[in-house]
Each structure stands twice: as C-alpha cells, then as structure tokens.
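What the coordinates show
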Amino acid sequence: MSCPGGPVDVFRPLVLRRARLLGQDAPVDVVLRGGRIASVGPAAGSASAAAPGPAASAAEVVDLDGRLVLPGLWDQHTHLTQWALSRGRLDVSGATSAAHAAALVRERLATDPPTSGRPLVGIGFRDGSWPDRPTSALLDAVAGDVPVVLVSGDLHCAWVSTAGLRLFGVPTHPTGVLRETEWMPLMGALDHVPEDVQDRLVTDALRAAAARGVVGVVDLEIADNVSVWRRRAELGDPVVRVRAGVWPAYLDRVVADELHTGDRVAGARVTQGPLKVIVDGSLNTRTAWCHAPYPGVEGPLSHGVLNVPADELVPLLRHARAHGLTCAVHAIGDAANTLVLDAFAATGARGSVEHAQLLGTGDVARFAALGLTASVQPGHIPDDRDVADRHWAGRTHRAFPLAELHAAGVDLAFGSDAPVAPLDPWLAVDAAVWRTGDARPSWHPEQAVDALTALASSVDGRPLTPRAGDPADLVVLDDDPLALATTPGAVRTTRVAATLVAATWTHTTL
C-alpha cells in the first residue's frame, strides 16, 4: 500500500484506489484533483473500469484495500478555545454530589496543584440532580487560599471558592454558585491565557478532531472570533475548516467589513459563520426558559431566565438578515423555543435553533414550515436524562425530539457544544441512535433516529456517497459505522484511518 506522507500537490491528482462506499460492495476509485472530487468510478482492473487517462501516471495512488470512504464529519456547535483549555482541566463530570466534587478537588490539589496565584479550574459538574448544594464554604474547606473555579457541564454557571471569587473581583456571594449573567461576563477572564499558548492548544485540539474524521467546525466561542481566526490563520490554515460565529457585541465589526455568512475571513479554510444569540439558560442550571415552573423554585426565576426578550431579538435578527448573516439562536426551554420561532417568522431570517431541547406541541411543525435547521447535540441526551426526569417531569417525551423533527422534514445538524460534550461526532451518532450512555435502557427510544439519519446529520448536508464536484473533504474508515451502530456504544469506537480536507491529508494511519 502506498503511504501518504504529507500535504498533497493540488495540481497532482490523488487516486483513492479500491475504496468502498456506504451500502455498496463493489470497490471504486475516487480521483481527487484541485481540492475537489474529480470522479468516482469502478476500481482499476475491474471489468467496468474506464481506461486510464494520460494524467494517470502522474497521480499519487493510495490503495485503500476496501476501506470505507464518507464525506468528512462536521461539528456544528463548538467553543473551541474553551474546549482546548478544558482538555487539561480537572474533570468533575463524574461527581455525584457536591461533596464528591470537593473530594476530587482535594485529590487534584494533593497531586497536581496549580502554580502560585493561578486557580484550579475544573469542568463538567451537573448539580441539577445532586442531593446536596454546592457552596463556597465546601470548596474552602479543601482548598484554603487556592482559588478554585468549577465550571458546570453546560457552561452556564460556575461554582467558585472564596479565593476564586476574590480572583474575579467579587467580594462576596451568598452561595458561590454564579449563574447566567453573573457568570457569563467572567468566563472570558478564566479563559485568558497568552495568545500563543491558546493558539497552540487549539491547534492540538483540532488535530485530535481530525483524527476522529472531523473536517469542519462552527466556532461559537464567546470572543471576537473573526479577529481571533485572522490572527491564527497568519500562522497557516487550521487543519479543519472553521466557520467563525459572531456575537452581538462584535456584530458591527462584521457588518463594517461587509462579511456575509460563507465569505472567506482568512486563509483558505476560515469563513464567516452565523450570528450567535443566547435567548435563555440551560437545563442543569435550571435557567432554560420554560412554560411550566421548575419544581421547588419560586419567585421570578421559577420559569428560568430569558436573556434576550422578543423586543430585542426581532430587531437583532432583522439586522443580521439585512447584512447577509444567518442566525444561530440558542433556545433550550419550550417557552424560549416558541419565542425564537416567532422571531424567525417575524423577520424572515434564516439559520438554526441551537439545542432545541424541549419543544412545545406544534413547534416541530413550525420548525419545518420556517425551513429552520435544528442544530442539536445528541451527546447531551445521556448527560441530561436524569436532570430532565427531575426538573422536566411529565414533559420529557418532548425533550430532544430528534425523531419527531426528522419525520417532520426538519434538517438536523449534529454538534457537541464542546466542552459541554467531547468534540467527537461518533459520540453524537451513538447517542442519537441509542439515547443512552451506560447500561440503562434507551431514554425515550421513540425519539431515536436510525444510523443513516445520524450519519447524514453529521456531514454538513452532503450526501453520504461522495460525488464528483464535491469538496475533497473525506474520511476513510477501518470500520463500517452502520454495522457498529447495531450495538449500543459500539459506534463510539469507530476507527478512523485517514482524514482529508481539500484533498490534503490532515490525519492518516495508512
């Protein structure tokens, strides 16, 4: 077998010989030229193969020996800098109580404390189903004067020690758990590291993503993403395609630069992404905006938090549409989803609803009628099933309604919301098909989708069979994911032999 060793000369054809396409047994040759798929046809030597052309002798040939070739995978919702940083942070996602999380902090401080003056940062706690309450005092008891900041799995709150509060300039807090608007403005300070360190960590994270077959991501980091990616691209193109989302705080800069969604921002692989707006909170933090109140919660926050009311959202979407931007609007609770659908209907804006975790009766049909994409994160299903059963009791048949959305003709686009879930599309495929992450039975299996639908929701709208003219963004697999998907959890282990972006190898074991 010929082994690829580096970047491909875009003027020299690359032939992926004896490739196999999904659902087909006969081998094919896939010819790549100029960053695109030039042809797909019967493998050389077969009875139906075409005679080699004059350029065949100049082509690089890689024998795939029957390996499966699919369009490369996309993650449609990431926070890349936070994901890159989280890969080196304390993982507290397995904590079953506040006391358990505090014990994990104690263990880390004993074995690998932060440098003097720096906080110990953890990520992933989900207190929505804990039997006890997180408090600053609990962290103080194990950390003393070491600042501790634990970020929730949904990123919508942080649990902070007294020393950690001082680090943020917060003199006191009744609980030490900062939620929504208390926390969001401080998140950037936690993520502030020297640019060269940040960029190196992001590069490492994207290489790891390429090794899982990823060819593109939508970066919705809470930052001036256009400026960030222009800086990064000065050092070379990222290993995957990046769509850089824009937040309302930076919208005027994008408008001034006359950037429309899809326009090139920097290099060959960074383009302008959508406007990102967060309308409500999250389930774990009990701030997702819902029609019904949360059990045991009274007062103005009993239904969650509405961050952007309709009278602000409608003009914002209208402004984005007027300047050629699609919109990616975060809505988790059913009331928030209704409000967002109303805003799309009122403005004619195009784009996606991000998360769409709890939908009211009739709103699935409105998704379809408005032509909106449901940008969903199936990895949250096994993560959130317990807290949903507790706080959305009696409504969970309407939670993560992937099958219902698909049956209505709504386009599904899978993502991770990394670091909320790992940046690994195979985890999302498995969760969408099986709706469980452990030995328990499927959670609301009536809302599961089949493996073909899950794969189709992971390739940025391209057909699962590569075709001539498409970008040569491909993944080569040692395993057949359709076969693996017949067993819960198995597709998570899918082996990726190689990944190409624009016919350039970004990962290979060949």
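Located above this text is the structure these notes cover.
Bear in mind that the values here come from a model prediction, so they are computed numbers and not experimental data.

**Quick word on the overall build of the chain**
For the chain, the helix and strand inventory stands at 16 helices and 22 strands. The C-alpha atoms of the chain give 23 Å as radius of gyration, which agrees with the globular expectation for 510 residues (24 Å, within 12%). Viewed in the frame of its principal axes, the chain has a C-alpha envelope of about 75 × 55 × 50 Å. A buried classification covers 56% of the 510 residues belonging to the chain. Excluding contacts between residues fewer than 6 apart, the proportion of contacts in the chain whose partners are at least 24 apart in sequence is 72%.

**A few points about the packing of helix α10 (residues 334-347) against helix α11 (residues 363-370)**
Between α10 and α11, whose axes approach to 11 Å, the crossing angle comes to 25°. Judged by the inter-axis angle, α10 sits roughly parallel to α11. Of the two possible hands of crossing, α10 and α11 adopt the one that is left-handed. Residues Asp334, Asn337, Thr338, Leu341, Asp342, Phe344 and Ala345 of α10 form the contact with α11, whose participating residues are Asp363, Arg366, Phe367 and Leu370. A class-by-class count of the residues in the contact of α10 with α11 yields five nonpolar, two polar and four charged.

**With respect to empty space enclosed by the protein**
Inspection of every chain in the model, using the stated rule, returns two cavities of 30 Å³ or more. In this model, the largest cavity occupies a volume close to 210 Å³. Around the largest cavity, the lining is made up of 23 residues, and of these Asp154, His156, Ser282, Asp417 and Val420 lie nearest the centre. Within the residue set of the lining of the largest cavity, elements represented by two or more residues are β15 (270-278) and α12 (380-391). Of the residues contributing to the lining of the largest cavity, the split by class is seven nonpolar, 11 polar and five charged. Residues belonging to the lining of the second largest cavity are distributed by class as follows: five nonpolar, one polar and two charged.

**What about the packing of aromatic side chains?**
Within the structure shown, the criterion is met by five aromatic pairs. Consider the rings of tryptophan 130 and tryptophan 159, whose centres lie 6.0 Å apart with planes at 70°: the pair is edge-to-face. With tryptophan 130 in the loop between β8 (120-125) and α3 (136-143) and tryptophan 159 in strand β10 (residues 157-160), this pair connects stretches of sequence that are 29 residues apart. Each member of the pair, tryptophan 130 as well as tryptophan 159, carries the same accessibility label: buried. Between phenylalanine 400 and tryptophan 443, the ring centres sit 6.3 Å apart and the planes meet at 70°, which makes this aromatic pair edge-to-face. Of this pair, phenylalanine 400 sits in the loop between α12 and α13 (402-407) while tryptophan 443 sits in the loop between α14 (425-434) and α15 (451-456), placing them 43 residues apart in sequence. Phenylalanine 400 gets classed as buried once you look at its relative accessible area, which sits at 4%. In textbook terms, an aromatic cluster arises when at least three aromatic residues are bridged by ring pairs, as seen for Phe125, Trp130 and Trp159. Above the face of the tryptophan 229 ring, arginine 232 is positioned so that its terminal group lies 4.7 Å from the ring centre.

Parameters and conventions
- Residues numbered from 1 in each chain as written.
- Predicted model: local features only at pLDDT ≥ 70, side-chain atom pairs only at ≥ 80, totals over all residues.
- Heavy atoms only, no water.
- Helix = DSSP H or I, 4+ residues; strand = E, 2+ residues; numbered from the N terminus.
- Rg over C-alpha atoms; globule rule 2.2 N^0.38 Å.
- Buried < 20%, exposed > 50% of the residue type's maximum accessible area, 1.4 Å probe, protein only.
- Contact = heavy atoms within 4.5 Å.
- Axes fitted to C-alpha atoms, helices over the stretch in contact; angles between N-to-C directions.
- Parallel < 35°, antiparallel > 145°, perpendicular 65-115°, else oblique.
- Left-handed = near helix turned anticlockwise from the far one by under 90°.
- Nonpolar A, V, L, I, M, F, W, Y, C, P; charged D, E, K, R; others polar.
- 1 Å grid on protein atoms, 1.4 Å probe; cavity = no way out; pocket = protein on both sides within 12 Å on 5 of 7 lines; lining within 4 Å.
- Points joined across faces, edges and corners; volume = space filled by probe spheres on them.
- Phe/Tyr/Trp six-rings, centres within 6.5 Å; stacked < 30°, edge-to-face > 60°.
- Lys NZ or Arg CZ within 6 Å of the ring centre and 35° of its normal.

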